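Given next are the chains, with one letter for each unit.
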Amino acid sequence: MASISKIVLITGANKGIGFEIAKQLASQYKGYHILMGSRVAARGEEAAEALKKEGLSVEALTIDVADDRSIEAAAQTVKSKFGHLDVLINNAGISLDSFTGQPSTRAIFEQTFAVNLFGAASTTEAFIPLLEKSTAARLVFVSSDLGSLSFLADPEGRHNSVPVPAYRCSKAAMNMLALTYAQRFRTQGWKVNIHNPGYTATDLNRHTGPGTVEDAAKGAVRLATLGEDGDTGTYSEKEGPLPW
Ligand SMILES: NC(=O)c1ccc[n+]([C@@H]2O[C@H](COP(=O)([O-])OP(=O)(O)OC[C@H]3O[C@@H](n4cnc5c(N)ncnc54)[C@H](OP(=O)(O)O)[C@@H]3O)[C@@H](O)[C@H]2O)c1
């Protein structure tokens, strides 16, 4: 713990892209200590143990982003253990449209927004006091190109036929949320950016995506480690900027 220089929290890091972001940050950036957020404590502990075995500086942190008491408890834990937070990666996400057969459109939208949007907003607000104690705060919102209004407004746009309206709306709203933080903390030098991992084989899509988690994590790692001259308020993927 003595050589820790940056404290990073990744939500939904017990598996998938979040787990891989934790792995890449901890293995490539000396001094970065990763708090692997997990809504279920045992899943977080298991994930953290796997990376600790590789000698990486990580630990599990229980945080259910759909539960304010869980978020608050996580913020208190980070405050008492570290006193500040340098990087917050809002990665936790769900996609319910196609798979769950929920009873109503309202239920699908409410549950999706509870995690993807309200979860990211509530987590960010809870950790702002700790991010304000960082000398170089970085926020990454793991969004999706399915949240791009420009792509869907174009009849020939990318992924136009993917029928996941609740998920699309939640990610479009997340992009706006991220921009509000980019604007709010621009003069303080915070770098607040949005990452599209691309269609990636994970549990979220029953491993139908063609991409790998290794590739999907790279952009988030880049944005989490931006220098003072880095951009803020961007929406991008590893190939470059995305249209809003
Ligand atoms: N995979 C893709 O093709 C793709 C493309 C674009 C964007 N994304 C985005 O990338 C992010 C990561 O997705 P993924 O593909 O890695 O999916 P994943 O493998 O299903 O992982 C999702 C993670 O979010 C966690 N999570 C779900 N609800 C939560 C809650 N209430 N509180 C805290 N954590 C919660 C999950 O925890 P549990 O294990 O406990 O469920 C899991 O750790 C998401 O925001 C997703 O929208 C993915």
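Residues numbered from 1 in each chain as written. Predicted model: local features only at pLDDT ≥ 70, side-chain atom pairs only at ≥ 80, totals over all residues. Heavy atoms only, no water.

## Focus on the overall build of the protein
Piece 1. Counting its regular elements, the protein contains eight helices and eight strands.
Piece 2. The C-alpha radius of gyration computed for the protein amounts to 17 Å, which stays within 12% of the reference 18 Å derived for 244 residues, consistent with globular compactness.
Piece 3. The principal-axis extent of the C-alpha atoms belonging to the protein is close to 55 × 40 × 30 Å.
Piece 4. Taking all 244 residues of the protein together, 53% fall into the buried category.
Piece 5. Partitioning the contacts of the protein with sequence separation of at least 6, the portion at a separation of at least 24 is 73%.
Piece 6. Accessible surface for the protein amounts to roughly 11,300 Å². Of this, 53% is attributable to carbon and sulfur atoms.
Piece 7. Here the protein contributes 24 positive and 26 negative side-chain charges, whose respective centroids are spaced 3 Å apart. (Helix = DSSP H or I, 4+ residues; strand = E, 2+ residues; numbered from the N terminus. Rg over C-alpha atoms; globule rule 2.2 N^0.38 Å. Buried < 20%, exposed > 50% of the residue type's maximum accessible area, 1.4 Å probe, protein only. Contact = heavy atoms within 4.5 Å. Areas by Shrake-Rupley, 256 points an atom, 1.4 Å probe, with all protein chains shown as cover. Lys, Arg positive; Asp, Glu negative; His and termini not counted. Charge placed at Lys NZ, Arg CZ, Asp CG, Glu CD.)

## Thoughts on the site of the ligand
Piece 1. Taken together, the neighbourhood of the ligand is formed by 30 residues, with Asn-14, Arg-39, Arg-43, Tyr-167 and Thr-202 sitting nearest.
Piece 2. Contacts to the ligand include Lys-171, whose side-chain N or O atom sits 3.0 Å from an oxygen atom.
Piece 3. In isolation the ligand has 900 Å² of accessible area, and contact with the protein removes 95% of it.
Piece 4. When each cavity is represented as a set of grid points, the ligand is found to reside in the largest pocket.
Piece 5. The residue inventory of the shell around the ligand, partitioned by class, reads twelve nonpolar, twelve polar and six charged. (Near = heavy atom within 4 Å. Polar contact = N/O pair within 3.5 Å; in protein donor to acceptor, adjacent residues only side chain to side chain. 1 Å grid on protein atoms, 1.4 Å probe; cavity = no way out; pocket = protein on both sides within 12 Å on 5 of 7 lines; lining within 4 Å. Sits in = over half its atoms within 2 Å of the grid points. Nonpolar A, V, L, I, M, F, W, Y, C, P; charged D, E, K, R; others polar.)

## Some points on helix α4 (residues 105-116)
Piece 1. Its twelve residues place the ends of α4 16 Å apart at the C-alpha level, agreeing with the 16 Å of an ideal helix rising 1.5 Å per residue.
Piece 2. Buried residues of α4: Ala-107, Ile-108, Thr-112, Phe-113, Val-115 and Asn-116, and no others.
Piece 3. Looking at the packing, one finds that the buried side of α4 touches α5 (118-131) and α7 (165-184). (Expected span 1.5 Å × (residues − 1).)

## Some points on the layout of surface pockets
Piece 1. As a volume, the largest pocket reaches approximately 1,300 Å³.
Piece 2. Lining the largest pocket are 48 residues, and of these Gly-93, Ile-94, Ser-95, Thr-202 and Leu-204 sit closest to its centre.
Piece 3. Listed by contribution, the elements that provide at least two residues to the lining of the largest pocket are α1 (16-28), β2 (32-38) and α7.
Piece 4. A total of three residues in the lining of the largest pocket trace back to one element, the largest contributor, which is α1.
Piece 5. Of the residues in the lining of the largest pocket, the class split is 19 nonpolar, 21 polar and eight charged. (Points joined across faces, edges and corners; volume = space filled by probe spheres on them.)

## Details of the pattern of salt bridges
Piece 1. Across all of its chains, the model carries nine salt bridges by this definition.
Piece 2. In this structure, Glu-237 engages Arg-158 in a salt bridge whose closest nitrogen and oxygen atoms are separated by 2.9 Å. One end of the pair, Glu-237, is in strand β7 (residues 235-237); the other, Arg-158, is in the loop between α6 (149-153) and α7, and 79 residues separate them in sequence.
Piece 3. Judged by relative accessible area, which is 32%, Arg-158 ranks as partly exposed.
Piece 4. In this structure, the salt-bridge partner of Asp-215 is Lys-218, at a minimum N-O distance of 3.0 Å. With Asp-215 and Lys-218 both in helix α8 (residues 213-224) and three residues apart, this pair spans about one turn of that helix. (Salt bridge = Lys/Arg side-chain N within 4 Å of Asp/Glu carboxyl O.)

## Some points on the side chain of Asp-145
Piece 1. Tracing the backbone through its elements, the reader meets Asp-145 in the loop between β5 (138-142) and α6.
Piece 2. Side-chain polar atoms of Asp-145 contact the side chain of Arg-158, separated by 2.8 Å.
Piece 3. What Asp-145 contacts, discounting residues up to four positions off in sequence, is Phe-151, Arg-158, His-159, Asn-196, Tyr-235, Glu-237 and Leu-242.

## Some details on the packing of aromatic side chains
Piece 1. Evaluated as defined, the whole model comprises six aromatic pairs.
Piece 2. Each residue in the set Phe-109, Phe-113 and Phe-118 is aromatic and connected to the rest through ring pairs, giving one cluster. (Phe/Tyr/Trp six-rings, centres within 6.5 Å; stacked < 30°, edge-to-face > 60°.)

## Remarks on the pairing of β2
Piece 1. Of all seven residues making up β2, seven are buried, and the element is well covered by its neighbours.
Piece 2. In terms of strand pairing, strand β1 (residues 6-10) meets β2 through five bridges, oriented parallel. Residue pairing for β2: Ile-10 is matched across the bridge by Met-36.
Piece 3. Tracing the backbone out of β1, into α1 and back to the parallel element β2 gives a crossover that is right-handed.
Piece 4. As paired strands, β2 and strand β3 (residues 58-62) are joined by five bridges and run parallel to one another. Counterpart to Gly-37 in the pairing with β3 is Leu-61.
Piece 5. Assessed by its sense of winding, the connection that carries the chain from β2 through helix α2 (residues 41-52) to β3 is right-handed. (Pairing = 2+ DSSP bridges. Right-handed = clockwise from strand over helix to strand, strands pointing away.)

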